[in-house]
Amino acid sequence: MNFRKYASLFILFIASCTVVAQEIPLDFSIGEKYNDRYKYSNLLTISNDGKGGTFLVRSYYTGVILKPKGYLIEHYDAHMQLINEYNYKLKNANLVDGYVANGQIYLIFLDYDYNALAYEYSVHRSPLSEMNFTKETLLTVQSQEVSNPLDKNYYNRNFSSGFTTSVLFNDKKNAFVISTHFKKGKTNKHFIYMFNASLQKVAEHDFSAEVEEKNYAFENVAFSKDLQEAYIIGKAYFKKKRFLAKDRRFQYELIKVSRSGAQTQTFDGPGKFSEALIPVIKDNELFCVGFYANRKDNRYNGLAYFNINMNTLEINTKKYSPFSEQFMVDKFGREEDKVIKDLVFKNVNISNDGTIHFNAEEYFITTSVQANSSGGRLKVTRYHHNDIVSAKLSADGDMLWARNINKAEVTQGDGAYASYSSYTKDGNTYFFISTAAENPQLLPGDRLLFKQGLSRNRNVFVIKLDTEGHISYKKLIDDKEARLPLMVSKPLFNTQDNQIIFYAKRGNKKQLVSVLIK
């Protein structure tokens, strides 16, 4: 082969790379870099201020032995310029979540009142124009103090502590539910409360009768358009003390809560067991979509679709779409004993033509004991964020395609830097991943593999799945352009302008990064 032929092939290769890049019409801009006085902190919530600006709330830690000392509230304008900061000094307070609505910022806390011997949900709110917080109590639950009552890990719950609670928001954060479960001796009380963003209690339901036989770990929620009904998906763990090795110890259930009471629906049938489900409402129709498993395979085997009557919870349509044999081999290999990982939903979207596109991430926790510098032993918890599974269903619930993005991430600290975020526009879904890898590997069958690199700095890749499920990607931000790592799993979505805001921080430096989907 002569030089001219080599040159022609090289030009063709460059042209093909250019075409791939043109298929992903994104632009980004990096805000000014600011000094930050708190080196150790965690991003807790990020919200729109209603004027194109951004509010951030971080918990910060100081001292020789790092201890939480308060919350830093940052306000940026639409141009990513830092307007002001407010140091909300609250020692030993536990922020659950926060949001912006009605021209105010709301911070929800869960704390223990040692005088009343009770857990208290409270809300601290302040006008956006000036940080002047007032406090009001939402709920109190009598209980002895326990370790980690707020179980944010909905996929691996501990019900033996005596008191457990969880808070679920929808994506819009215009409503939320609180679940409280207190158990001591013969006392077994479980309540579900529903609030709108103005903190009005819409509904309260005594769920205690249901928990006599099962413990519930609620995972996802959707609300009716008028915010009068909550549709909660939860994992119900049976309390039967003895199980055969092949017995299934849980099932997924849908719980509807409103002023008139509660209703429950189950999904599993012979040979079909839900592995992860999420409720979604579109034009007064309720769907539950996700994954299912065959019991003997001990892995998820396909996609599940349920069209449900919003009033009665009767299942109008039920469909199971198995993965292809090649997908199963690519995903699980030949290992017959590979266990199922928890699937955490990140995005679900119903387009105007009724097609449903959703994606989830494999997530699990491991613990180990290792020696520390003083010769003692320390328990170490690691959080694993692995493969992304993305799927598309037709308006009738049939599988159009399913794709797997291979990756493996593990963190011991702030998970905001790990995992990913996704955004759907015009039937295309864009995934944002921060990694030290220089380039992923595009495999046959529209599969993508990320191998972790060794660099301290991190690149930001965008992966595009088009309407037909074809994969393309490009490096969006090079580690030399943005020296601060992005918290890709905690973005702010501006759907009106198709803009995504990311927070970037390392040590005593911070900045915002804006991504615009054209």
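Now for a quick tour of the structure. (Residues numbered from 1 in each chain as written. Predicted model: local features only at pLDDT ≥ 70, side-chain atom pairs only at ≥ 80, totals over all residues. Heavy atoms only, no water.)

## Considering the overall build of the chain
From N to C terminus, the chain includes two helices and 36 strands. Here the chain, with 518 residues, has 53% of them falling under the buried criterion. Within the chain, counting contacts between residues at least 6 apart in sequence, those at least 24 apart form 50% of the total. Within the structure as shown, the chain displays about 25000 Å² of accessible surface, and the carbon and sulfur contribution to it stands at 48%. (Helix = DSSP H or I, 4+ residues; strand = E, 2+ residues; numbered from the N terminus. Buried < 20%, exposed > 50% of the residue type's maximum accessible area, 1.4 Å probe, protein only. Contact = heavy atoms within 4.5 Å. Areas by Shrake-Rupley, 256 points an atom, 1.4 Å probe, with all protein chains shown as cover.)

## A word on the side chain of Asp97
By the element assignment, Asp97 lies in strand S7 (residues 95-101). When its relative accessible area of 16% is taken as the criterion, Asp97 is described as buried. A distance of 2.8 Å separates the side chain of Asp97 from the side chain of Lys173, its partner in a polar contact. Aside from chain neighbours lying at most four places away, what touches Asp97 is Thr45, Tyr106, Leu107, Ile108, Phe169 and Lys173. (Polar contact = N/O pair within 3.5 Å; in protein donor to acceptor, adjacent residues only side chain to side chain.)

## With respect to the packing of aromatic side chains
Under the counting rule described, the total for this entry stands at 33 aromatic pairs. Arranged with centres 4.8 Å apart and planes meeting at 10°, the rings of Tyr99 and Tyr106 form a pair that is stacked. Residues Tyr99 and Tyr106 agree in their burial class; the two are buried. With a centroid separation of 4.9 Å and an interplanar angle of 15°, the aromatic rings of Tyr119 and Phe163 are classed as stacked. One end of the pair, Tyr119, is in strand S9 (residues 118-127); the other, Phe163, is in strand S11 (residues 163-169), with 44 residues separating them in the sequence. Of the two residues examined, Tyr119 and Phe163, each falls in the buried class. Chaining the aromatic ring pairs together yields one cluster made of Phe291, Tyr300, Phe323, Phe327, Phe345 and Phe358. The residue whose ring lies beneath Lys272 is Tyr320, and the NZ or CZ to ring-centre distance is 5.9 Å. Positioned above the aromatic ring of Tyr420 is the side chain of Lys346, whose terminal nitrogen or guanidinium carbon lies 4.5 Å from the ring centre. (Phe/Tyr/Trp six-rings, centres within 6.5 Å; stacked < 30°, edge-to-face > 60°. Lys NZ or Arg CZ within 6 Å of the ring centre and 35° of its normal.)

## Some remarks on the sheet that holds strand S20 (residues 285-294)
Here four strands make up an open sheet; going across it, the order is S19-S20-S21-S22 and the pairing antiparallel. Two strands bound the open sheet, and with one partner strand each, they are strand S19 (273-282) and strand S22 (315-322). Neighbour-to-neighbour, the strand axes of the sheet open up by a mean angle of 20°, direction not taken into account. Across nine bridges, S20 lies against strand S21 (residues 299-308) in antiparallel orientation. When the sheet's bridge partners are listed, Tyr292 is paired in S21 with Gly302. (Pairing = 2+ DSSP bridges. Axes fitted to C-alpha atoms, helices over the stretch in contact; angles between N-to-C directions.)

## A few points about the environment of Tyr121
Summarising the element assignment, Tyr121 is placed in strand S9. Spatially, the C-alpha atoms of Tyr121 and Val141 are 8.7 Å apart, while their sequence positions differ by 20 residues. Side-chain polar atoms of Tyr121 contact the side chain of Thr165, separated by 2.7 Å.

## Structural notes on the pattern of salt bridges
Within this structure, the stated rule accounts for 17 salt bridges. With its nearest N and O atoms 2.5 Å apart, the salt bridge here joins Glu74 to Arg58. Note that Glu74 is positioned in strand S5 (residues 67-76) and Arg58 in strand S4 (residues 54-62), a separation of 16 residues in sequence. Each of the two residues, Glu74 as well as Arg58, counts as buried. Through salt bridges with shared partners, a single network forms among Asp36, Arg58, Glu74, Glu85, Lys505 and Lys510. (Salt bridge = Lys/Arg side-chain N within 4 Å of Asp/Glu carboxyl O.)

## Details of the nonpolar core
Counting residues in hydrophobic clusters, the biggest one holds 42 residues, and the most contacted among them are Leu254, Phe291, Ile356 and Phe358. Residues Val96, Tyr121, Leu139 and Val146 belong to the second largest nonpolar core, which totals 25 residues. (Core = buried A, V, L, I, M, F, W, Y, C linked by side-chain atoms within 4.5 Å.)

## Regarding the sheet that holds strand S16 (residues 230-238)
Here four strands make up an open sheet; going across it, the order is S15-S16-S17-S18 and the pairing antiparallel. Whereas interior strands pair on both sides, the edge strands pair on one side only; in this sheet they are strand S15 (214-223) and strand S18 (261-266). Neighbour to neighbour, the strand axes of the sheet diverge by 25° on average, direction disregarded. Bridge count between strand S17 (residues 250-258) and S18: six bridges; the pairing is antiparallel. Across the sheet, residue Glu253 finds its bridge partner in S18, namely Thr266.

## Quick word on the pairing of S15
It is a general feature of regular strands that their side chains alternate between the two faces of the sheet. With ten of its ten residues buried, S15 lies for the most part within the structure. As paired elements, S15 and S16 share nine bridges and run antiparallel to each other. By the bridge assignment for S16, Asn220 is matched with Ile233. Where S15 hands over to S16, the hairpin turn is made up of six residues, of which Leu227 adopts a positive phi near 60°.

## Examining the environment of Tyr417
Tracing the backbone shows Tyr417 in the loop between strand S27 (409-411) and strand S28 (421-425). As a C-alpha pair, Tyr417 and Tyr503 span 86 residues in sequence and 9.8 Å in three-dimensional space. Setting aside residues no more than four positions away along its own chain, Tyr417 makes contact with Ser434, Arg458, Pro485, Leu486, Met487, Val488, Ser489 and Lys505. In terms of polar contacts, Tyr417 uses its side chain to reach the backbone carbonyl oxygen of Lys505, at 2.8 Å.

## Regarding the pairing of strand S23 (residues 342-350)
Across eight bridges, the pairing between S23 and strand S24 (residues 356-371) is antiparallel. Bridge pairing in S24 places Ile350 opposite Ile356.

## Here we look at unusual backbone geometry
Positive phi outside glycine occurs at Met80, with the angle close to 65°. With respect to the helices, strands and loops of the structure, Met80 is situated in the loop between S5 and strand S6 (82-88). Positive phi, normally seen in glycine, also occurs at Asn102, with a value near 55°. Inspection of the secondary structure puts Asn102 in the loop between S7 and strand S8 (104-113). Among the residues examined, Asn102 registers a relative accessible area of 52% and is labelled exposed.

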